[in-house]
2 protein chains.
Amino acid sequence: MVKVQVYVTLKAGVLDPQGSAITHSLHTMNYNEVKSVQTGKYIELEVEETENLEERVKEMCEKLLSNPVIEDYTYTIGEAVS
Amino acid sequence: MVKVQVYVTLKAGVLDPQGSAITHSLHTMNYNEVKSVQTGKYIELEVEETENLEERVKEMCEKLLSNPVIEDYTYTIGEAVS
């Protein structure tokens with residue numbers, strides 16, 4: 001089994017109201033050192049080793065896990081876990 | 001400015017219906033090598049350098065960014081960005 005970690009974030013320029021809300025709340029709580037917050041999704045997949053794993057992960061990201069119009073994704077493919 | 005990355009995931013044993021839905025959809029799309037999916041949140045903070053930064057980040061995670069009853073968090077504190 002391989003552990004694949006996918007991070008999906010909004011593209012620059014796309015409004016992130018959740019991030020703004022978190023920034024605002026942190027300021028209210030006196031964490032004024034926080035200048036900006038960007039939120040995203042973290043998705044962890046447990047995958048059986050296959051050929052073209054990286055290619056298939058990319059496809060999954062583009063077809064289902066992210067919305068390529070407004071979101072960017074990055075992924076890491078971890079070493080095999082027993 | 002320092003970039004802080006926070007990953008919030010559900011604790012083991014907490015139901016993750018979104019993860020199950022993604023697994024199901026991936027199988028429907030013939031990605032049968034995917035055995036399980038766990039979803040979580042990814043939060044990126046831009047923070048001014050302060051004393052006790054790590055301690056303050058932990059506090060933010062526990063008080064606002066995660067729900068310690070059902071969620072775990074990890075974070076990385078990146079090197080300074082100009």
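Our subject is the structure that appears above.
This structure is a prediction, so every number in the text was calculated from the model and none was measured.

K.L.:
If you had to explain the relation of the copies chain B and chain A to someone new, which residues and values would you point to?
P.N.:
For the pair chain B and chain A, the best superposition has an RMSD of 0.0 Å and corresponds to a rotation of 180° with a translation of 0.0 Å parallel to the axis. These values place the two chain copies in the arrangement generated by a two-fold rotation axis. Take the interface residues of chain B: 100% of them recur as interface residues in chain A, which is what a same-surface contact looks like.

K.L.:
Which residues make up the pattern of salt bridges, and what are the values?
P.N.:
Between side chains of opposite charge, pairing is possible as soon as their charged atoms come close. Inspection of every chain in the model, using the stated rule, returns 9 salt bridges over all chains. The salt bridge partner of Lys35(B) is Glu48(A), with a shortest N-O separation of 3.9 Å. Taken together, the residues span two chains, with Lys35(B) in strand 2 (residues 34-47) and Glu48(A) in the loop between strand 2 (34-47) and helix 2 (53-65). By relative accessible area, which is 37% here, Lys35(B) ends up partly exposed. For Glu33(B), the salt bridge goes to Arg56(A), with nearest N and O atoms at 2.4 Å. Residue Glu33(B) is found in the loop between helix 1 (17-28) and strand 2, and its partner Arg56(A) is found in helix 2; the two belong to separate chains. A relative accessible area of 5% places Glu33(B) in the buried class. Overall, the relative accessible area of 23% leaves Arg56(A) in the partly exposed class.

K.L.:
If you had to explain helix 2 of chain A to someone new, which residues and values would you point to?
P.N.:
Residues and elements named next belong to chain A. Between its first and last C-alpha, helix 2 extends only 16 Å over 13 residues, short of the 18 Å set by a 1.5 Å rise per residue. Residues of helix 2 that are buried: Leu-53, Val-57, Met-60, Cys-61 and Leu-65. Buried residues of helix 2, seen end-on, are gathered within an arc of 100° and therefore sit on one face of the element.

K.L.:
How would you sum up the pairing of strand 2 of chain A? Please name residues and give values.
P.N.:
Sheet analysis places strand 1 (residues 2-10) of chain A next to strand 2 of chain A, joined by 8 bridges and oriented antiparallel. Bridging from a neighbouring strand, Val2(A) pairs with Val47(A) of strand 2 of chain A.

K.L.:
Requested: an account of the interface of chain B and chain A, with residues and values cited.
P.N.:
Opposite the 32 residues of chain B that make contact, chain A presents 32 residues. Both faces combined, the contact of chain B with chain A buries some 2900 Å², and carbon together with sulfur accounts for 64% of it. It is Tyr31(B), Glu33(B) and Tyr42(B) that lose the most area in chain B upon contact with chain A, and together they represent 22% of the buried surface on that side. Applying the counting rule to chain B against chain A returns 4 salt bridges. Put simply, chain B and chain A have 18 residue pairs in polar contact (both at pLDDT 80 or more) between them. Elements that contribute at least two residues to the side of chain B that touches chain A include exactly strand 1 (2-10), helix 1, strand 2 and helix 2 (53-65) of chain B. Broken down by element, the residue count for the side of chain B that touches chain A peaks at 14 residues, all from strand 2 of chain B. Taken together, the residues that form the side of chain B that touches chain A break down as 15 nonpolar, 8 polar and 9 charged. Of the pairings in the sheet, the one linking strand 2 of chain A to strand 2 of chain B comprises 13 bridges and is antiparallel in character. Residue pairing for strand 2 of chain B: Ser36(A) is matched across the bridge by Glu46(B).

Cut-offs used in this document
- Residues numbered from 1 in each chain as written.
- Chains lettered and ligands numbered in written order.
- Predicted model: local features only at pLDDT ≥ 70, side-chain atom pairs only at ≥ 80, totals over all residues.
- Heavy atoms only, no water.
- Least-squares fit on C-alpha atoms with pLDDT ≥ 70 in both.
- Contact = heavy atoms within 4.5 Å.
- Salt bridge = Lys/Arg side-chain N within 4 Å of Asp/Glu carboxyl O.
- Helix = DSSP H or I, 4+ residues; strand = E, 2+ residues; numbered from the N terminus.
- Buried < 20%, exposed > 50% of the residue type's maximum accessible area, 1.4 Å probe, protein only.
- Expected span 1.5 Å × (residues − 1).
- Arc of directions from axis to C-beta.
- Pairing = 2+ DSSP bridges.
- Buried area = accessible area lost by both parts, 1.4 Å probe.
- Polar contact = N/O pair within 3.5 Å; in protein donor to acceptor, adjacent residues only side chain to side chain.
- Nonpolar A, V, L, I, M, F, W, Y, C, P; charged D, E, K, R; others polar.

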